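In case you want the letters, here they are:
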Amino acid sequence: MVDEGERAAGRGPDRRDDLSSLRALIVGPEQRSLAAIQSRLDDKAGRAEDLAEVLPRVLLQHAQDAHFTAALTPPIEKAITTSVQRNPKPLADALFPVMGPAIRKAVAAGLASMVDSLNRTLEQAVSWRSLRWRVEALRTGKSFGEIVLAKTLLYRVEQVFLIDRRSGLLLQHAWAEDAVVEDADMVSGMLTAIKDFVQDSFKVASTDSLEALKVGDLSVWIEPGPYAIVAAVIRGSAPSGLRGRLQEAVEMIHLQFGGVLETFDGDTSPLADAKNTLESCLHAEFRADERKPRTRSTWIIASVVVVALLIWGGLRWRDSRHWAAYLDALRAEPGIVVLSADRHWRGFAISGLRDPLARDPQSLLAAAGVLAGDVRAAWTPYYALEPGLIAARATTVLRPPTGVSLSVRDGVLSLDGNASMAWVTEAKRLAPFVAGVVSFDAAGALAGHAREAMTGVQNQTLLFTRGEASLVPGQETALAQLTTHVAQLAQIAGVADQRYRIDIVGHTDADGAEESNLSLSQARADAIKTALTPAAGAGVELAALGEGSRQPVVVSDNERDKQRNRRVAITVTLIAGTGNQGR
Amino acid sequence: MIQKKICMLGGFAVGKTSLVARYVTSLFSEKYLTTVGVKIDKKQVAVDGRDVTLMLWDIYGQDDFQDVQTSQLRGMSGYLLVVDGTRRATLETARQVQAKAAAAVGEVPFILLLNKSDLSAQWEIDEPAFFKLAEQGWHVIRTSAKTGEGVEEAFMALTRAMLVRA
């Protein structure tokens, strides 16, 4: 074209102008626009303006594009790193307002998750379900954690391998916290070998490859990329959406590390950052906690149980107190000996000895607040030796007349009140047969009789004929009465084990010699003693004594007074046995 | 960390598996060899101050190497070629294997292991044959599964060759 031009130019200026105008005519507009484009390209300020115009649009439109984000991340990271290295202050200043809330939020989230896990742990520590799982763990020899995982896990990505497609070498590996991880290098190799084996064995198209392996509840999902594959070991049944996540991971890794992967020759260190992408695939989903509503009912049941236990415990405590009060009452009761007292699941059991005359133990229940139906009692009869019970027993045997009461002290049965001679005599005969009665003291019951008899004897005076030891006519009646009273006294003495002494003292008047008076007075006393002796018996002692004229009733020469001095005076004294007169 | 895939190749019953059994970390049992056709072990070596993890693909030996899947050789950085010194035929197999491996993955370092050196009295492979191999530039090491002779040396030599090449 240039040569042509030169040749054309050699032929004259006119022709050249023509050509120029022709060129201007034909390509002029394009030339101008080319020049404009050129100048715009050269104008850096203008280009910057253009870029400023389109860049926000690009950022807005492609913000969701993973490739775009991945491409932007490294330079931004680098820029931030450089900025911080150079001077951390601007970034610190910029971040300061958000740091506080972020930290608070993180702390709150941490606490919430801690409480949540605590709740879960507690629930699993105490629930029936966990008890069942513990039994299963014991039975199958698996750990409790494994059982819990198996029962509550919907699915979990336990391990993710990034494997070099050609050599099967492990490039990166991420695993869930408590997953069982074998030697990942060898697993990676073997997985590749198996993948190849399947592909080779079944002659599938080279574009197809093994996508998943499944053994029991464990499956391996394989997602191939041009240079590397991602293999995820999953426990449980994962949703198909997980496949998309694995694909994204493969794409992301190829985007980030495509060059490294393509020329991989055994050095895995440049791929360290791929681990983050792999970790983002470690997903787990647990069964929706269907126990939530049940948790409430569990709480209600637990509360009811607790309240019931409290009530039951309270009632049992109250029953115990009542029972103790009942036992105290029984122990205080004469004629009852508690030998054993036990509390059973339902009610009480008691056994012991009981005097038939003691209070009925049943009658004490109400006062103590114990229900009669709750008590099984076994009482063996016996004779109690408490004084009260001996007295009661004696009362049933002797049946004392009204007004006579029995009491026992140191084994001695005493009577009080007025009883007939006949009854006392019978009582004395029977008393030794009453268990617990050692001896019998009837004096109390006979005190009245004794007083009466003694009064009939005491200070009686019998008058005698002058100079003789014979009674004045008319004194026989008095002697007879005296004799009767002495006989009564003797009977009382016999029953009440008493001894009386009756002193019979003879007297004379002052006439005559004192010597003869002495013998006369003695004779008079002897005469009365002789008369009384048959009535006196063993319990009454008779003593006769003559006093002569030494103790005149009255000193006088008057015949009537002299007659009063010719006498025998009688006195009576209780000399042995309880008198009981005072009572 | 450096990792390398290496293969153990050779004819049937030349003693590949038992040769390395004592020197590698195993996770899989030998039954994989007969089922999947390969068993993978791991061997850690330190060469010139560098730690290298060798992933050792023990490939099921067949005298007719045509059946071996070349896909298993893919990505290997080197291999051990095992020959039973008491059986001349295994050397021929090794030649075929080497050719096939070179075709599949290109020229990578390998070492010929003349196994069963403890039975040298019964050897069928004679000195001239060795020289011929050496002339071809083949690195030959005598090994014995029984005494362990040459095994560590073979791993070290192969690793060194692979690293030099890389």
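The structure this text deals with has already been given above.
Quantities reported herein were computed from a predicted structural model and do not represent experimental measurements.

S.K.: Explain the interface of chain A and chain B residue by residue, including any values.
M.R.: Residue-level contacts link 24 residues of chain A with 26 residues of chain B. Buried area between chain A and chain B, both sides added, is near 2100 Å², and the carbon and sulfur share of it is 60%. Looking at the side of chain A facing chain B, the largest losses of area belong to Leu-169, Met-186 and Met-190 of chain A, adding up to 29% of the total buried there. Where chain A touches chain B, the interface holds 4 salt bridges.

S.K.: Explain the sheet that holds strand S14 (residues 499-506) of chain A residue by residue, including any values.
M.R.: All names here are of chain A. Strands sit in the order S13-S16-S14-S15 across an open sheet of 4 strands; the sheet is mixed. Because the sheet does not close on itself, it has two edges, and the strands there are strand S13 (461-463) and strand S15 (540-546). The mean inter-strand angle of the sheet, taken between neighbouring strand axes irrespective of direction, is 20°. Relative to strand S16 (residues 567-576), S14 runs antiparallel, the two sharing 8 bridges.

S.K.: Tell me about the packing of helix H16 (residues 476-496) of chain A against helix H17 (residues 514-536) of chain A, and please be specific about residues and values.
M.R.: All names here are of chain A. Here H16 crosses H17 at 40°, and the two axes come no closer than 8 Å. Taken together, H16 and H17 sit at an angle that is classed as oblique. Classified by chirality, the crossing of H17 by H16 is right-handed. The residues of H17 that touch H16, namely those facing Leu-479, Leu-482, Thr-483, Val-486, Ala-487 and Ala-490, are Ile-528, Ala-531, Leu-532, Ala-535 and Ala-536. Here the contact of H16 with H17 is composed, by residue class, of 10 nonpolar, 1 polar and no charged.

S.K.: Hey, could you go over the nonpolar core for me, with residue numbers and the actual values?
M.R.: Counting residues in each nonpolar core, the largest one holds 56 residues, and the members touching the most others are Leu-9, Tyr-79 and Leu-81 of chain B. When residues no more than four places from it in sequence are discounted, the contact partners of Tyr-79 of chain B are Cys-7, Leu-9, Gln-98, Ala-101, Val-108, Pro-109, Phe-110, Ile-111 and Leu-158 of chain B. Among the nonpolar cores identified, the runner-up in size contains 51 residues, and Ile-390, Ala-419, Val-424 and Ala-427 of chain A belong to it.

S.K.: Describe the pairing of strand S8 (residues 348-354) of chain A, with residues and values.
M.R.: For a regular strand, the rule is simple: side chains alternate between the two faces of the sheet. All names here are of chain A. Where strand S7 (residues 336-343) lies against S8, 7 bridges are found, and the strand directions are antiparallel. Within S8, the residue paired with Ala-341 across the bridge is Ile-350. Between S7 and the antiparallel strand that follows it, S8, lie 4 residues; Gly-347 among them carries a positive phi value of about 90°. Here S8 runs beside strand S9 (residues 375-381); their pairing, made up of 7 bridges, is parallel. By the bridge assignment for S9, Arg-354 is matched with Pro-381. Assessed by its sense of winding, the connection that carries the chain from S8 through helix H12 (residues 362-368) to S9 is right-handed.

The rules behind the values
Going along each chain's sequence as written, the residues are numbered from 1 onward. Chains and ligands are labelled by the order in which they are written, letters from A for the one and numbers from 1 for the other. Residue-level local features of this predicted model are given only where pLDDT is at least 70; pairs of side-chain atoms are given and counted only at 80 or more, and the full residue set underlies all totals for whole chains, interfaces and linings. Derived side-chain values reflect all non-hydrogen atoms in the structure, with water molecules and hydrogen atoms excluded from consideration. Pairs of residues are marked as contacts when any of their non-hydrogen atoms sit within 4.5 Å. We define buried area as the total accessible area lost by two parts upon association, computed with a 1.4 Å probe and summed across both. Between Lys or Arg on one side and Asp or Glu on the other, a salt bridge is scored when a side-chain nitrogen of the former is within 4 Å of a carboxyl oxygen of the latter. Strand pairing follows a simple DSSP-based rule, namely that at least 2 bridges must link the two strands. Per the convention used, a helix needs a DSSP run of H or I reaching at least four residues, while a strand needs a run of E reaching at least two, with both numbered from the N terminus. A fitted line through C-alpha atoms serves as each axis, taken over the contacting stretch for helices, and the angle formed by two N-to-C directions is quoted from 0 to 180°. Should an angle fall under 35 degrees it is taken as roughly parallel, and over 145 as roughly antiparallel, whereas 65 to 115 is taken as roughly perpendicular and any remaining angle as oblique. Throughout, a crossing is termed right-handed when the near helix is turned clockwise from the far one, and left-handed when it is turned anticlockwise from it by less than a right angle. Only Asp, Glu, Lys and Arg are considered charged, only Ala, Val, Leu, Ile, Met, Phe, Trp, Tyr, Cys and Pro nonpolar, and every remaining residue, Gly among them, polar. By convention a nonpolar core is built from buried Ala, Val, Leu, Ile, Met, Phe, Trp, Tyr and Cys residues, the set being connected through side-chain atoms within 4.5 Å. Only protein chains enter the accessibility calculation, which uses a 1.4 Å probe; a residue whose area is less than 20% of its type maximum is buried, one above 50% is exposed, and one in between is partly exposed. If you view a crossover with the strands going away from you and the path from the first strand over the helix to the second runs clockwise, you call it right-handed.

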